[in-house]
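# An overview of the molecular structure
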Amino acid sequence: MESSLWGVGIFLLVNAFLCLYRAFRGPTVADRILGVNIIGTKTLVMLVLLAFVFRSRFYLDVAVVYGLLNFVVTLAAARFLETGRLKEEWKRC
Amino acid sequence: MNRPYLLVVMLLVFWVVLTESLSPAEVALGLVTAIVIALGVSRLVGEEEARPLLVTPRQVARFLLYMPYLVKEIVAANIHVAETVLDPRLPIDPIIIECHYPLAHDVSVVGLANSITLTPGTLTVDVDKNKDTFRIHCLGREVAEAMPEGELYHHIRHVFEED
Amino acid sequence: MLIEAILQAVTAVLVAVGLFFFLVGTVGVLRLPDFYSRTHAATKCDTLGAGSILLGLAVLGASRGDYTDGLKVLVIAVLVLLSSPTAAHALARAAFRTGLEPYTLPEARGGEDR
């Protein structure tokens, strides 16, 4: 069972590297942010996998925090792309 | 109850769920953390945006009944993407359309926008300031023509607007 | 032991489905022509892929008797279900408002060449 979980993790890692190509290649800034965001989702799943492989619950807490951080980072990057600032109201138009 | 206090309470509940402990020391630490975070967030994005969305138990119950339909639509959306992407011809014909979906509550706007994003061939791009016109990116013309009928919109109205 | 075997089979199926859709999402993100259509593939496939794998792992946790772990994994799955489309929406909106034009078919643009 454990070895197949390793296989799942490696498959996700390969996927994450393929997505990294999109983040590297662009062509727009939005594409790069999207690439980083979906790599984050794969990393989150990998952290949960690690919790099951090593039978250690701490990884689950790390995964929760990673998921929240991934979400906030994407929102902040999108807001920065849209307004050029972090500390400002969303333009209501 | 004032909105920042509500945020503190929600953060504290989340803390207790994560730490799986009710010992006074841990709860006190969580309370301090929650207050610091609530103040920080209110300062960073403004009190208006820091307030949590409120839902009634009735809305939650109706949302749970709506879940099976949503899951079915998500699976259909993924199969649709798989068919499109694995087809060597890449049969897409994207178009951005605007649909008029009047809604009364913020939570229904969030629910409808996210539901549209997760259903086959559609992606919410923008919602205007009156919160009633949705700009939707569609992967194909057939999907774009079906959107104004608003099947999802009626589901969401039933779930969150309770009519 | 039969129940354990069934639960492990359920886990295997759910994880396999999740991996397939993760792969579809990756192929979509690499193949599709513009940002908006890539966001379609990324959001839908990441939500179902992550949701399916996490559900499978929650079942695995339950078969090992770790019910609190299984519950926490479900919380993470709900978090992904809520945050993934919201993040995609914020990003698509930022792209649209900064003037990124969506890709359209050449014939839909009045027959002009690319």
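On a predicted model such as this, the values are computed, not experimentally measured, just so you know.

The next thing to look at is the domain arrangement of chain B. One frequently used descriptor of interface size is the decrease in accessible area upon assembly of the parts. In terms of domains, chain B is made up of domain 1 (3-50) and domain 2 (57-161). Placing the centre of domain 1 of chain B and that of domain 2 of chain B at their C-alpha centroids yields a distance of 32 Å.

Right, let's talk about the environment of Lys42 of chain A for a bit. If you trace the backbone, Lys42 of chain A turns up in helix H2 (residues 29-53). For the pair Lys42 of chain A and Val29 of chain A, spaced 13 residues apart in sequence, the C-alpha separation works out to 20 Å. Contacts of Lys42 of chain A, omitting those with residues within four sequence positions, involve Leu12, Asn15, Ala16 and Cys19 of chain A together with Phe22, Thr26 and Asp46 of chain C.

As a further point, take the side chain of Lys44 of chain C. Tracing the chain through its elements places Lys44 of chain C in helix H2 (residues 35-64). Buried and unpaired, Lys44 of chain C has no salt bridge, with Glu73 of chain B as the nearest side chain of opposite charge at 9.9 Å. Excluding residues that lie within four positions of it along the chain, Lys44 of chain C makes contacts with Ala77, Asn78, Val81, Thr117, Leu118, Thr119, Gly121 and Thr122 of chain B.

Let us look at the packing of helix H4 (residues 57-86) of chain B against helix H5 (residues 106-118) of chain B. All names here are of chain B. The contact between H4 and H5 brings their axes to 10 Å, and the two run at 20°. With respect to each other, H4 and H5 are oriented roughly parallel. Along this stretch, H4 crosses H5, giving a crossing that reads as right-handed. When H4 is examined against H5, the residues Gln59, Tyr66, Leu70, Glu73, Ile74 and Ala77 are found in contact with a partner set consisting of Val107, Ser115 and Leu118. Per-class residue counts for the contact of H4 with H5 are 6 nonpolar, 2 polar and 1 charged.

One pass over the structure, following the stated rule, counts 11 salt bridges over all chains. Where Asp69 of chain C meets Arg57 of chain A, a salt bridge forms, and the shortest distance between an N and an O atom there is 2.5 Å. Of the two residues, Asp69 of chain C is situated in helix H3 (residues 67-97) and Arg57 of chain A in the loop between H2 and helix H3 (58-83); the pairing between them involves two chains. Arg135 of chain B is the partner of Asp126 of chain B in a salt bridge, and the nearest nitrogen-oxygen pair spans 3.5 Å. Within this structure, Glu82 of chain A, Glu98, Asp126 and Arg135 of chain B together with Arg93 and Arg97 of chain C form a network of salt bridges that share partners.

Residue and element names in this part refer to chain B. Within helix H7 (residues 151-161), the full set of buried residues consists of Leu152, Tyr153, Ile156, Val159, Phe160 and Glu161. Seen end-on, H7 carries its buried residues on one side only, within an arc spanning 150°. Next to the buried residues of H7 lie H4 and H5.

The rules behind the values
Residues numbered from 1 in each chain as written. Chains lettered and ligands numbered in written order. Predicted model: local features only at pLDDT ≥ 70, side-chain atom pairs only at ≥ 80, totals over all residues. Heavy atoms only, no water. Domains from an automatic or database assignment. Helix = DSSP H or I, 4+ residues; strand = E, 2+ residues; numbered from the N terminus. Contact = heavy atoms within 4.5 Å. Buried < 20%, exposed > 50% of the residue type's maximum accessible area, 1.4 Å probe, protein only. Lys, Arg positive; Asp, Glu negative; His and termini not counted. Salt bridge = Lys/Arg side-chain N within 4 Å of Asp/Glu carboxyl O. Axes fitted to C-alpha atoms, helices over the stretch in contact; angles between N-to-C directions. Parallel < 35°, antiparallel > 145°, perpendicular 65-115°, else oblique. Left-handed = near helix turned anticlockwise from the far one by under 90°. Nonpolar A, V, L, I, M, F, W, Y, C, P; charged D, E, K, R; others polar. Arc of directions from axis to C-beta.

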